[in-house]
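Chain by chain, the residues run as shown.
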Amino acid sequence: VQLVESGGGLVQPGGSLRLSCTGSGFTFSRYGMSWYRQAPGKERELVASITNTGGSTNYADSVKGRFTISRDDAKNTVYLQMNSLKPEDTAVYYCKVTLSFMNYWGQGTQVTVSS
């Protein structure tokens, strides 16, 4: 199982970024996917999740209305569209999949929101 995130970077407050996470080594379309983030000195927290069908999504209160999670099973990829970014969104963002009660994580992608 491998998850590879991309799309992070430096953005000004109010800006946008789209993160991507491509999975391999498992049947992507069968599993729900999640995005987490971890800021320096803080615990890793759930940002958003999506079911295997894409029919249901869930968001942390801090990102509701600003972030959108989606998936493209043809590309084995889950996305996180982040709009109206704030300095407090600065963190390393990780995607995660749970297979047979085991969690698999990507290497993370850094998002920095600063002027």
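All values reported here derive from a predicted model rather than from experimental measurement. (Residues numbered from 1 in each chain as written. Predicted model: local features only at pLDDT ≥ 70, side-chain atom pairs only at ≥ 80, totals over all residues. Heavy atoms only, no water.)

Trainee: Could you give an account of the sheet that holds strand 8 (residues 77-82), naming the residues involved and the relevant values?
Mentor: Within the open sheet, the four strands sit side by side as 1-3-8-7. Their pairing is antiparallel. Single-partner strands in this sheet number two, and they are strand 1 (2-6) and strand 7 (67-72). Adjacent strand axes in the sheet meet at a mean angle of 15°, parallel and antiparallel pairs treated alike. Sheet topology places strand 1 next to strand 3 (residues 17-24); five bridges connect them, and they run antiparallel. Bridge pairing links Ser 6 to Ser 20 in strand 3. (Pairing = 2+ DSSP bridges. Helix = DSSP H or I, 4+ residues; strand = E, 2+ residues; numbered from the N terminus. Axes fitted to C-alpha atoms, helices over the stretch in contact; angles between N-to-C directions.)

Trainee: I'd like a description of the packing of aromatic side chains, backed by residues and values.
Mentor: Summed over all chains, the structure comprises four aromatic pairs. Consider the rings of Phe 26 and Tyr 31, whose centres lie 6.0 Å apart with planes at 70°: the pair is edge-to-face. The class of Tyr 31 is partly exposed, set by a relative accessible area of 27%. Relative to Trp 105, the ring of Tyr 94 lies with its centre 6.3 Å away and its plane at 90°, an arrangement referred to as edge-to-face. Of this pair, Tyr 94 sits in strand 9 (residues 91-99) while Trp 105 sits in strand 10 (residues 102-105); the two residues are eleven residues apart in sequence, bridging distant segments of the chain. You can call Tyr 94 buried: its relative accessible area is 13%. One aromatic cluster is present, formed by Phe 26, Phe 28 and Tyr 31 through successive ring pairs. (Phe/Tyr/Trp six-rings, centres within 6.5 Å; stacked < 30°, edge-to-face > 60°. Buried < 20%, exposed > 50% of the residue type's maximum accessible area, 1.4 Å probe, protein only.)

Trainee: Please provide a residue-by-residue account of the environment of Thr 77, values included.
Mentor: Within the fold, Thr 77 resides in strand 8. With a relative accessible area of 5%, Thr 77 lands in the buried category. Residues Thr 77 and Val 4 lie 73 residues apart in sequence; the distance between their C-alpha atoms is 9.3 Å. Within polar-contact distance, the side chain of Thr 77 engages the side chain of Thr 22 at 3.0 Å. A distance of 2.7 Å separates the side chain of Thr 77 from the backbone oxygen of Lys 75, its partner in a polar contact. (Polar contact = N/O pair within 3.5 Å; in protein donor to acceptor, adjacent residues only side chain to side chain.)

Trainee: Lay out the pairing of strand 8 with the relevant residues and their values.
Mentor: Burial runs high along strand 8: five of the six residues are buried. Relative to strand 8, strand 3 runs antiparallel, the two sharing six bridges. Each residue of the ladder has a partner; that of Arg 18, found in strand 8, is Gln 81. Of the pairings in the sheet, the one linking strand 7 to strand 8 comprises six bridges and is antiparallel in character. Bridge pairing in strand 8 links Arg 71 to Val 78. In textbook terms, the turn of a hairpin is the stretch between consecutive antiparallel strands, and for strand 7 and strand 8 this stretch comprises four residues, one of which, Asn 76, has a positive phi near 50°.

Taken by themselves, the reported measurements are silent on function.
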